[in-house]
Amino acid sequence: MYHRGSAAAIIVYDITKEETFSTLKNWVTELRQHGPPSIVVAIAGNKCDLIDVREVMERDAKDYTDSIHAIFVETSAKNAININEPFIEISRRIPSTDANPPSGGKGFKLLRQPSKPKRSCC
Ligand SMILES: Nc1nc2c(ncn2[C@@H]2O[C@H](COP(=O)(O)OP(=O)(O)OP(=O)(O)O)[C@@H](O)[C@H]2O)c(=O)[nH]1
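Report follows, based on the coordinates. (Residues numbered from 1 in each chain as written. Predicted model: local features only at pLDDT ≥ 70, side-chain atom pairs only at ≥ 80, totals over all residues. Heavy atoms only, no water.)

1. With respect to the side chain of Thr-65
Point 1. Here Thr-65 lies in helix 2 (residues 58-67).
Point 2. Here Thr-65 falls in the buried class, since its relative accessible area comes to 0%.
Point 3. In this structure the side chain of Thr-65 is engaged in a polar contact, spanning 3.0 Å, whose partner is the backbone oxygen of Lys-62.
Point 4. If near-sequence neighbours (up to four positions away) are discounted, Thr-65 is found in contact with Ile-43, Ala-70 and Phe-72. (Helix = DSSP H or I, 4+ residues; strand = E, 2+ residues; numbered from the N terminus. Buried < 20%, exposed > 50% of the residue type's maximum accessible area, 1.4 Å probe, protein only. Polar contact = N/O pair within 3.5 Å; in protein donor to acceptor, adjacent residues only side chain to side chain. Contact = heavy atoms within 4.5 Å.)

Printed below as a string of structure tokens:
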């Protein structure tokens, strides 16, 4: 896992494999110990279309993610369920890096600087 300078991390487990949820907890511990202190963590329980073979209960995953203040969502990459949601929530939680935005919040125009006249030796 490479996390130096990261603003956010999404950790994915497979809801049909309990061991992937246990492994995820190790990654969270690693992130908390060595990752940036303000990193936003999102946990995605993938393959939520396979509820018949579910091994990780949604309630258990939610309780755990609440305890570590992480974003939680169950996803299905196969059926395109909740794929955008973690990204949207992450973008809400990442603090703005611009402490002094332009007044009015309407942005500003980048203007071309008048080029300095070239000096010539003769
Ligand atoms: N039913 C279902 N299958 C999925 C989903 N996402 C991935 N898969 C399938 O799971 C298998 C592994 O997908 P990969 O993208 O290779 O994921 P991986 O983490 O490398 O592999 P595993 O951990 O072994 O699942 C492939 O057969 C995918 O088609 C999903 O949301 N639902």
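2. A few points about the site of the ligand
Point 1. All residues adjacent to the ligand are Lys-17, Asn-46, Lys-47, Asp-49, Leu-50, Ser-76, Ala-77 and Lys-78.
Point 2. A distance of 3.1 Å is found between an oxygen atom of the ligand and a side-chain nitrogen or oxygen belonging to Lys-47.
Point 3. Backbone polar atom of Ala-77 to an oxygen atom of the ligand: 2.8 Å apart, as the coordinates give it.
Point 4. Look at the ligand: alone it shows 630 Å² of surface, and the protein chains cover 39% of it.
Point 5. Of the residues in the shell around the ligand, the class split is two nonpolar, two polar and four charged. (Near = heavy atom within 4 Å. Areas by Shrake-Rupley, 256 points an atom, 1.4 Å probe, with all protein chains shown as cover. Nonpolar A, V, L, I, M, F, W, Y, C, P; charged D, E, K, R; others polar.)

3. Focus on the pairing of strand 2 (residues 40-46)
Point 1. Among the seven residues of strand 2, seven are classified as buried, and the element is accordingly described as predominantly covered.
Point 2. Residues Val-40, Ala-42, Ala-44 and Asn-46 of strand 2 are buried on one face, and the alternating residues Val-41, Ile-43 and Gly-45, pointing to the opposite face, are buried as well.
Point 3. Two elements, strand 1 (residues 8-14) and strand 2, share seven bridges in a ladder whose sense is parallel. Note on strand 2: the bridge partner recorded for Ile-11 is Ile-43.
Point 4. A crossover links strand 1 with its parallel partner strand 2, the connecting element being helix 1 (residues 18-34), and its sense is right-handed.
Point 5. Relative to strand 3 (residues 71-74), strand 2 runs parallel, the two being bridged by four bridges. Following the sheet pairing, Ala-44 is matched in strand 3 by Val-73.
Point 6. Remark: the strand 2/helix 2/strand 3 crossover connection has right-handed handedness. (Pairing = 2+ DSSP bridges. Right-handed = clockwise from strand over helix to strand, strands pointing away.)

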